[in-house]
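Breakdown of the fold
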Amino acid sequence: MGNCGCSGEAPKRGRGKMAAEHQARINETTAIVKQEIHQDVKDAMKEDPPEEPADKNEKKDPAKEKEKEAEQKRKLKKATKRLSKLELLERAKEVDAMSLDDYNMAIRRLTSVTGEDPTNPGRKYTLPETMEWLNTIIEVLWPSVGAEISRQVNELSRTMGININFTLGENTPAFVPLGMRSVDGIDGEQDGGVEFSLGITYRSNCKTEVELPLTKITIAGFTFIGNLFIWFRPIMDEIPIVGGVSFGFVNPPTIELDWEGGFGTVANITGLKATIQDAIKDQITEIAVIPNLLGVSLHKGIDIAKIRSPEPEGIIRLNVQRAANCPEQLFGNDLFVRVHIGGHTHDTKVVSGTKMPVWNDTFDYLVYNKEQWVLLELHEQGPLGSTVLGSISNLPVNRIAKRKTATVPFITKEGQPLITDEEVCTVTVTGQWLTISDSEITAPGADQLVTVSIADVKGVPLGAFQPPYRVETHINGIKTTEIKKAKVELDVDIDKIINNAGIAKLGIAKPGAFADSEEILRDIRTLHETGKQVDSIMKITGLVQSGDKKLIEQAIAKTGTEYKLGVNDDDGTWWKQSSYMYNHKAYPDASKVDKEPRLSWAAKKEGVFTPIASAAQLRIREEYYEKMETLFTWYGAIAATQASRHRATDPHFDKRMHLKTTAGADSTTKVDIAVIDGDGKVMAKLSKSVKDSTVGADADLNGPFPLEIGGKTATLYGSITIKAVIDTGKLPSNWNLRADAIDPTTAFNEWWQLEQYVQDWESKGEMWCAVDWPAGKKEKAPADVVQARDDFYMGKNPIIGSGVTDVKRASLEACLKEGALTWGDYDVLMGKLNGEKDVVNIAETLEWVNFFIMSIWQQMRTVTEDIVHAAVVPALNEVAKGLPGPTITIGVPKCDIGSKPFAMNTIRVDKVMQKNTDKCNGCTIHLNNMSFVSDMDIQVEINVSSVVGSSTFKVGLKDVLFRFSVQIGLTDLLDRAPYIGAAQVSLPNPPELAFDLTGIADIVDKIPKLNSLIASTVVDQMAQVCCIPNFIAIPLDPMVKSIDLAYPEPVGVVRIAIESCHHLPSSDTTITGSDAPGDIYINLRLGSQTHQTKAIKSHDPEFNEASHNTVDLIVYNLDQRLCISVMDDDLLQDDVVGKVHSLETVVGGGIDLVREGIPIRALKRLGVKATCDITRCKKDEVSSKATHKVYERVPVVGADKSPANIILSTTWLSTEGNTARVDAYLLKVTVNEITGIPAGLPLQGPFKVRASLSTKTVTSKSGFAKKSTLDIPNIIQAVRQMKEDGDSHAEIAATLLLDPEIVDEIHKLKEEDGHVDIAKAIHAAHEKNRATLNPQFMQHMRAVISVDNDDEHMRNGTWSTSVTLSILDKSENEIGTLEIPYNVPDCEDGIAGPFNVPVTIKVPKDVGMKFWQSSTDDVETVWKVHGAVLLQPIRKRVMDAD
């Protein structure tokens, strides 16, 4: 693992403490949720007034009244449930059982999905959410990413001749919080869109040392704080549903560089530091600060310029009135205010000789988002330039627009209030909101918004002008150039210049506008082979720029008959793949072979690489890699020259400029557009005048526009639109979200919440605890006030290691019992209290995902129906045409996926630590309780026609309930891309599935229990693929063993002993008709492991060893659920008496999810003996349409009216047990492959391997074929050659791993015939025979072997035994057996194969064989089973929190 400056320590959150504005949004969310919960309780307690019937003589409907009363009770129950959870969480926070962050996360889960904006119908929002799960993943990957980035930066600097030593540092960026809302579509259109906002805080401690001839510059880190916004719009009723994606910052981010050494001091004194920081900020502003966004169009009909340059929501007219208490300067007070909004800047005039300057200057700014801020800087104009005395940076535009006037204090760069004579220096500004309207421009001098869109300029003569080009726009004849910071001494109208001048970004080559480099190479050689000379090839291909001739000569140069410039001849050889080529280039130093072998040097591609290949083979690879590097360099040069040519002849802009101006005296607006080259020369001009018109009424404003450039006709593609700017006195409707909620700006109103005071708190200064520092009240505030501020500033885990007390434990257990916390949450919080290092956070909500799905769901319904009708139905009918028998026609008259979208619940990320170390080797992502409770309605009609008539069958599916949790493991971290060696996906428990069938299937639906049987069969099939212990392994690096991913090590074994049941109801009937106890047995299930006790006829059955009451179950994940069913053994169909269910909280807080079974982590907390209630879940009895009933559970009550229960004892066994006695053995049999199987025998594959020990047996999955690249033409040629040599079809088939029938078909082929039709059959036969002759398994099989209490050697771990290894054919008949002796003390690491298993093959006498001389019926062979056997003692471990 490379070093990224971490010094072996775990990565740290680079934010220090969360940025104040980000923490404020989280605190605001908590306040809103609490307010909503209390309000819901009040609303639920109100009784609705009785409805008066239209007809006074009409009687009230008792059924309706009863239903209304029941609904009121449900609302009250839900509201009080949420309130109860809230109070318990508050109690846990009060006793320091959970941190502020964890408290906020838990509170967030109590809110419902989303809300609708009451002032803007159809537009919705979601409250901000934490992103600690993402921060944890970044922490885990950071050392790997840091090592790679540090290495690449240092290597790149050396290639550039610069001596740089760079380490990324251990601090990581932090993302928080995530908010989301509905927005209008592009340019306010009502097609809609979605906006994300994501806070980023990165306080980096990276270190950069630059060696210069006379000095060394050291940057010790930097700070980056900003809010990143992402927009998905428009939402469309066709694929891809989202028309475009854009992202950027609404406000310029905060950037601070930390310098070290003497140069840092000089940089501060000379202002170089500020200059560099401003230059960086300017570059970011130019690229990714609104209105300049990064984006991509996902649909050909969506203008990318509109995505990257959105239309403003309005204009803020800002008046800088005055300042008060300005400090006196040495050379006199020459003061002005510089105002920034987004990327636009204005300066007031300079006022001299006063501490109370009055400017009264007004400026207009285009506003694109309600989150934009105003930055005000107080400058003192000196002889060498201006100096910033103070600033205010967090003044929201919408605050000024709402409140009209704001007086705010200036803050110094040290974070202190700017004070003069103990008075705070302030500035007063006023704001007026102006609305953009589509109405016509008629009044002379009226305000208006002009939008100029520039897409492309095509037809520029090559070589006539110097690229890159830019486009300038002039409004109403004002001659302008780009102005960033206007000087007040200019004798022009600064306001008009800034708003009437626009410069498009530099023209580039349009992506995808030119041919692929490989195609050009082929074209050049084709032209050359037809006799074309180089000059002619240049003209034909358009490669006419300087240097292109040399590229063409390289392409056609030959050595003999071979081209010098080779082409990519990748024939599938593993070391020719790009990943190995990259690896070869990334590690060029041969001295690293022993330390970290280069993958491309290995002799073979295997799970574990073999030693380095021979020198001759390595030289072949070196030559190939060098040839490919030369070829790719040529490709890059061709792409660059094409891009250069297209940038010169067809510059591409895709840029819109929004310019606020005023109409002329005669209501005319003149728009002048100039195209300017890189030397500043005007290439062409375009003038358009518009009078009393909008773009919709004047088609002449929509391009393309003809231009004359260099005496040639060119074309400018673009458009001009004009809209009115008027004062309506109203803010945009989407700025008034949550009118009944807390004003978002109040989170920033307290002076001590500003960033500078957060930093003071971090350094334990005195400002943050003062009564009112800016006002000069510096005495310490009361203790409760200081504590409240301290809570605000709280960092990640203030309670870690504070210890567990009875009060803290009780508060968490109360939350757990009420459903305010899950068992996973409880474990995390207890781990924090115990000071565990690897704990992270409790589960967090994923409402932003739900919000996005909900936002596009209606469009997805439409698109799904369109796809089914346009593609799926025709495809099904095409398949039906090829079926023998009657004519079948399929139709789908209805395909509605329903109005209820798929929903996520919560996410949690756990770190994965290497065993017996503090080193993190990955993480596990838990996606909990994802659900699809759908009111879908799909109907299929199948028409069957034949000579005897036709029939139509209707089949339908409605009301689907599908719920599951999934875990994604990211393991085996690498210090190179992709940084993650492998991914592992699994379901900790089988999913839940229920549905209703209609049409002909309704007959099935009405057969008792058959519907649930179909659903359980589907679930079982899914469980066989990806439910623990079945894992989906995804190796991302060739060095990772997929077998260990698909069959990971268990975390332990849980021993379950069923002791008794009590108060069971009567479930049988005697002959006389009286009630009788049932024949009760217990069914246990953990993943795919099951166990069943014997049946006992009793209301209170007692189970013991004779009734098989004890079982050992292997546990792979603590989130697995032990499912316990109490069954009644009946003659025809066993009945379910009841089950054990547990509650899990779901987002919304007022609803608890009833889940079958108990999490293993809960069993570890419940102790040695546990009593569990036996209940029935309503979802077993009602349709899934009644979604609120899905979550209800009903106690099973006995004849004595007491609730039924079951008592069980639990014991945790593991290889790390803490008792001397061995309680069981864990058998692990690894099977990789079988070799040595002879060809030419009548084998009955595919084969399986079975291992047996004591009474336990485990069987592998069927063997599969090893991957290979099959060359069909070579196979066909080999068949023909062997036929000519006189070999029989049976011998050919045995040699080439084919079937004799396939050999016959190949023999019938003529030379001129193609082999496309037979290729599939050859491939299938070859695959089947390879699976038979060299079956691959790559599987670990495990079983728990119980200890015989009478066997002293088993109890003491000195046991000697033998493991039986058997090979089974496809009918699971045993064809070979081997006894493997195993002495536990001598085989601590197991026994490694291969194991030689004697196998007897029965051969019919009439089978002719060339290779076997025996004439007997049996052929004795020896097959090699490659693998290992391991038998580990496991012992008891106290069922605790570990």
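These numbers were taken from a predicted model, which means no experiment stands behind them.

Before going further, it helps to examine the side chain of Ser-811. Topologically, Ser-811 is positioned in helix 17 (residues 806-818). Overall, the relative accessible area of 7% leaves Ser-811 in the buried class. Within the structure, Ser-811 has its side chain in polar contact with the backbone oxygen of Lys-808 (distance 2.7 Å). When near neighbours in sequence (up to four residues on either side) are disregarded, Ser-811 contacts Arg-91, Ala-92, Val-95 and Ala-97.

Right, let's get into helix 18 (residues 823-833). With 11 of 11 residues buried, helix 18 lies mostly within the body of the structure. What helix 18 keeps buried is the set Trp-823, Gly-824, Asp-825, Tyr-826, Asp-827, Val-828, Leu-829, Met-830, Gly-831, Lys-832 and Leu-833. The positive-phi residue at the C-terminal boundary of helix 18 is Gly-835, with phi of around 80°.

The subject of this paragraph is the nonpolar core. In this structure, Phe-852 and Leu-927 are the most contacted members of the largest nonpolar core, which totals 69 residues. Once residues lying within four places of it in the same chain are set aside, the contact partners of Phe-852 are Met-180, Val-194, Phe-196, Phe-232 and Val-242. Counting residues in hydrophobic clusters, the runner-up holds 62 residues, among them Ala-79, Leu-816, Leu-833 and Leu-1084.

Cis geometry marks the peptide bond from Ile-1028 to Pro-1029; its omega dihedral reads 15°. Among the secondary structure elements, Pro-1029 is positioned in the loop between helix 21 (1010-1026) and strand 44 (1032-1035). Cis peptide bonds are those with omega within 30 degrees of zero, and the linkage from Gly-1245 to Pro-1246 qualifies with 0°. Position of Pro-1246 relative to the elements: it lies in the loop between strand 61 (1224-1235) and strand 62 (1248-1253). Non-glycine residue Met-1338 carries a positive phi angle of around 45°. Within the secondary structure layout, Met-1338 lies in strand 64 (residues 1336-1346). The exposure class assigned to Met-1338 is partly exposed, which follows from its relative accessible area of 31%. Although it is not a glycine, Glu-1372 adopts a positive phi angle of roughly 65°. Tracing the sequence through the fold places Glu-1372 in the loop between strand 65 (1360-1368) and strand 66 (1374-1383).

Under the criterion given, the structure shown has 38 salt bridges. Close ionic contact of Arg-82 with Asp-40 constitutes a salt bridge, the shortest N to O distance being 2.2 Å. Taken together, the positions of Arg-82 in helix 2 (residues 62-94) and Asp-40 in helix 1 (residues 20-45) put the pair 42 residues apart, joining distant regions of the chain. Overall, the relative accessible area of 5% leaves Arg-82 in the buried class. On the basis of relative accessible area, Asp-40 is assigned to the partly exposed category, the value being 31%. Note that Glu-1059 is salt-bridged to Lys-1169, the shortest N-O span being 3.3 Å. Here the residue Glu-1059 occupies a position in strand 45 (residues 1052-1062), and Lys-1169 occupies one in strand 57 (residues 1169-1173), the gap between them amounting to 110 residues. The exposure class assigned to Lys-1169 is exposed, which follows from its relative accessible area of 52%. Each of the salt bridges in this network shares a partner with another, and the network as a whole consists of Asp-827, Arg-908, Asp-910, Asp-1119 and Arg-1161.

By the criterion of burial, helix 3 (residues 100-108) is predominantly enclosed, with nine of the nine residues buried. Those residues of helix 3 that sit buried are Leu-100, Asp-101, Asp-102, Tyr-103, Asn-104, Met-105, Ala-106, Ile-107 and Arg-108. For helix 3, the side-chain oxygen to backbone nitrogen distance between the N-cap and Asp-102 is 3.2 Å, and the N-cap itself is Ser-99.

This paragraph deals with the confidence of the model for the protein chain. Averaged over every residue, the pLDDT of the protein chain is 77; residues scoring 70 or more account for 79%. With pLDDT under 50 throughout, residues 479-502 is counted as low confidence; its partners more than four residues away or in other chains account for 45 contacts. Below a pLDDT of 50 lies the segment residues 586-597, which in the model reaches 15 contacts outside its immediate sequence neighbourhood of four places, other chains included.

Scoring rules and cut-offs
- Residues numbered from 1 in each chain as written.
- Predicted model: local features only at pLDDT ≥ 70, side-chain atom pairs only at ≥ 80, totals over all residues.
- Heavy atoms only, no water.
- Helix = DSSP H or I, 4+ residues; strand = E, 2+ residues; numbered from the N terminus.
- Buried < 20%, exposed > 50% of the residue type's maximum accessible area, 1.4 Å probe, protein only.
- Polar contact = N/O pair within 3.5 Å; in protein donor to acceptor, adjacent residues only side chain to side chain.
- Contact = heavy atoms within 4.5 Å.
- Core = buried A, V, L, I, M, F, W, Y, C linked by side-chain atoms within 4.5 Å.
- Salt bridge = Lys/Arg side-chain N within 4 Å of Asp/Glu carboxyl O.
- pLDDT = per-residue confidence, 0-100.

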